[in-house]
Amino acid sequence: MTLRCRFAPSPTGHVHIGNMRAAIYNWLFARHHNGSFLLRIEDTDRERSTPEAVQTVLRAMDWLGLTVDEEPLYQSTRRDAHLEAAERLLAEGKAYKEDKGGTGRGEAVIFRMPGTDVTFRDEIKGELTKKAEDMKDLVIVRSDGNPVFHLANVVDDIHMGITHVIRGDDHIENTYRHVALYQALGAEAPAFAHLPMIVNAQGKPYSKRDGAAYVGDFRDNGYLPDALFNYLVLLGWSPGDDREKLTREEIVSLFDLDRVRSHAAQFDIGKFEWLNAEYMKDLDETMYRAELAHRLRGAGYDVNAEDPGLVRIVPLMRERIKKWSEAVDHCVYFFTEDFPFDDKAVRKRLLKDGAMTALAAIRSAFADAADFTAESLETALRETAEREGQNAGVYIHPVRVSVTGQAGGPSLFDLLEVLGRDRVLGRIDRALEHYG
Ligand code: GLU
């Protein structure tokens, strides 16, 4: 029998990283075992499941490369089948009707729990049992005639031939009831694997308050889908050694449920940013230039991917830019004289005693440099420092802040060469005038 698993999101307008990780694990499990990965949109809540909310799910999956093997099933189209299942349970005496709350507005259909303990073997958490006396009978069709989540979820998993249900461990309580429903409906229950919660540094469920929590936030913040995919995989699973950066192919070949941890996984933004930066370094040069030019144009600079200036700065920037959203800020001074100055850097490097004397000395050394290459500028700076009995840093920092407005950045001499004599001397003069 081929393995079939699915992602079954309820569209809300956002896709939380916890849900996306469940989707990724399902996808990986299917790919690893040559099974099928399916999508069921649980869109029975008409108010929340707008077409836009559904699009948000599809777009997030597409962005992360989670391909599906069959057309998505929309749960809202299956209402008749859900109600039919409820009728069957009624006919077999496994459910009963009741006017809940005695409103006279209609009767709910209630599933009679079997009266015995329910046990299932979770692929991650081991054997789990719930006592009969701790499970109340379960509403499966509301008095307004709408089937509830539990019924729809189970009936559709049976219909889709799902063999493995991999979902968050917030569903464990539901699963006991679902196991009883499968039995009552005469179907074999699938295997279940409940994934550990993603938590913040305090061990609480990771939410919007902790930072980027929805897939769209990561896309908008300029992170790379491959980095997010890799990082989410590691939240709860490890390859069995200490590797952290793995290709999709490597993950597919190594992934299985036996190395999924059962305890909560902490989302660490610092670690994720490190991984994203690693992926940024790997980006293809042409693609890198195109994206950088696109973002610069978006910020109002008239640059295209082939501009010689852009081509020259890409090698300097690649090591520094950790995510696309910060790219323009990192390199804006290559494209305008009207770049911003970081207040702290100005205070520390230009308003400091001796900064202007050092800057004036270096201005004349740079003006005298025979050619304006990184090498000769570095020689000029180091010779000046030696002559004056100063540390090179005394010159490097004020020059950097004068010509870039920033405290840090790529190799100073390389960027000076790219900027060229006129721009560099002009900016140093401006700083001397302004802060001198
Ligand atoms: N729609 C449910 C959810 O998003 C389904 C869970 C499941 O069975 O995978 O939590």
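The model shown is predicted, which means the values in this text are computed figures rather than measured ones.

Where do I start with the overall build of the protein in this structure?
Within the protein, the secondary structure is distributed over 18 helices and 12 strands. Across its three principal directions, the C-alpha atoms of the protein cover 100 × 45 × 40 Å. Going through the 436 residues of the protein one by one, you find that 50% of them count as buried. Within the protein, residue pairs in contact and separated by at least 24 positions form 72% of the contacts whose partners lie at least 6 positions apart.

Explanation requested: the environment of S36 in the structure shown.
Inspection of the secondary structure puts S36 in strand β2 (residues 36-41). Taking the C-alpha atoms as reference points, S36 and V68, separated by 32 residues in sequence, lie 7.7 Å from one another. Once residues within four sequence positions are removed from consideration, S36 is found in contact with L3, R4, C5, A30 and D69.

Where do I start with the sheet that holds strand β5 (residues 108-111) in this structure?
Strands belonging to one sheet form pairs held by backbone hydrogen bonds; the direction of such a pair is parallel or antiparallel. One open sheet accounts for 3 strands, arranged β4-β5-β8; its pairing is antiparallel. Where the open sheet ends on each side, the last strands, each with one partner, are β4 (95-98) and β8 (138-141). The average undirected angle you get between the axes of adjacent strands in this sheet is 40°.

Honestly, the nonpolar core in this entry has me stumped. Any pointers?
Nonpolar side chains tend toward joint burial in soluble globular proteins. Of all hydrophobic cores here, the largest spans 113 residues; its most connected members are M20, L66, F334, F366 and L416. Considering each element in turn, this core owes the most residues, 10 residues, to helix α1 (residues 17-32). Residue contacts for L416: discarding those within four places in its chain leaves F366, F372, L377, V399, V403 and V424. Core analysis: the next-biggest nonpolar cluster, separate from the first, contains 33 residues, V109, I172, Y182 and A184 among them.

Can you help me understand the side chain of R40 in this one?
One can find R40 in strand β2. In terms of polar contacts, R40 uses its side chain to reach the side chain of E42, at 2.9 Å. Not counting residues up to four positions away in its chain, the partners in contact with R40 are R6, F7, A8, P9, L73, Q75, N153, D156, D157 and M160.

Is there a simple way to explain the site of the ligand in this structure?
Taken together, R6, A8, P9, S10, E42, F149, N153, R167 and H171 make up the full set of residues near the ligand. R6 is positioned such that a nitrogen or oxygen atom in its side chain is 2.7 Å from an oxygen atom of the ligand. At 2.8 Å from a nitrogen atom of the ligand is found a main-chain nitrogen or oxygen belonging to A8. Burial of the ligand by the protein chains amounts to 85% of its free accessible area of 300 Å². A class-by-class count of the residues in the shell around the ligand yields 3 nonpolar, 3 polar and 3 charged.

Is there a simple way to think about the pattern of salt bridges in this case?
One side chain can pair with another of opposite charge once the charged atoms of both are near each other. A full pass over the atoms with the stated rule returns 28 salt bridges. In this structure, E173 and R177 form a salt bridge, with 3.3 Å as the shortest nitrogen-oxygen distance. One end of the pair, E173, and the other, R177, are both in helix α5 (residues 172-184), 4 residues apart, so they sit about a helical turn from each other. For E173, a relative accessible area of 38% corresponds to the partly exposed category. Two residues, E285 and R318, come together in a salt bridge whose shortest N-O distance is 3.8 Å. With E285 in helix α10 (residues 285-298) and R318 in the loop between α11 (308-317) and α12 (327-331), the pair connects residues that are 33 residues apart, well separated along the chain. Classification of E285 as partly exposed rests on a relative accessible area of 29%. For R318, a relative accessible area of 12% puts it in the buried group. In this structure, a network of salt bridges that share partners links the residues R6, R40, E42 and D157.

Definitions and cut-offs
- Residues numbered from 1 in each chain as written.
- Predicted model: local features only at pLDDT ≥ 70, side-chain atom pairs only at ≥ 80, totals over all residues.
- Heavy atoms only, no water.
- Helix = DSSP H or I, 4+ residues; strand = E, 2+ residues; numbered from the N terminus.
- Buried < 20%, exposed > 50% of the residue type's maximum accessible area, 1.4 Å probe, protein only.
- Contact = heavy atoms within 4.5 Å.
- Pairing = 2+ DSSP bridges.
- Axes fitted to C-alpha atoms, helices over the stretch in contact; angles between N-to-C directions.
- Core = buried A, V, L, I, M, F, W, Y, C linked by side-chain atoms within 4.5 Å.
- Polar contact = N/O pair within 3.5 Å; in protein donor to acceptor, adjacent residues only side chain to side chain.
- Near = heavy atom within 4 Å.
- Areas by Shrake-Rupley, 256 points an atom, 1.4 Å probe, with all protein chains shown as cover.
- Nonpolar A, V, L, I, M, F, W, Y, C, P; charged D, E, K, R; others polar.
- Salt bridge = Lys/Arg side-chain N within 4 Å of Asp/Glu carboxyl O.

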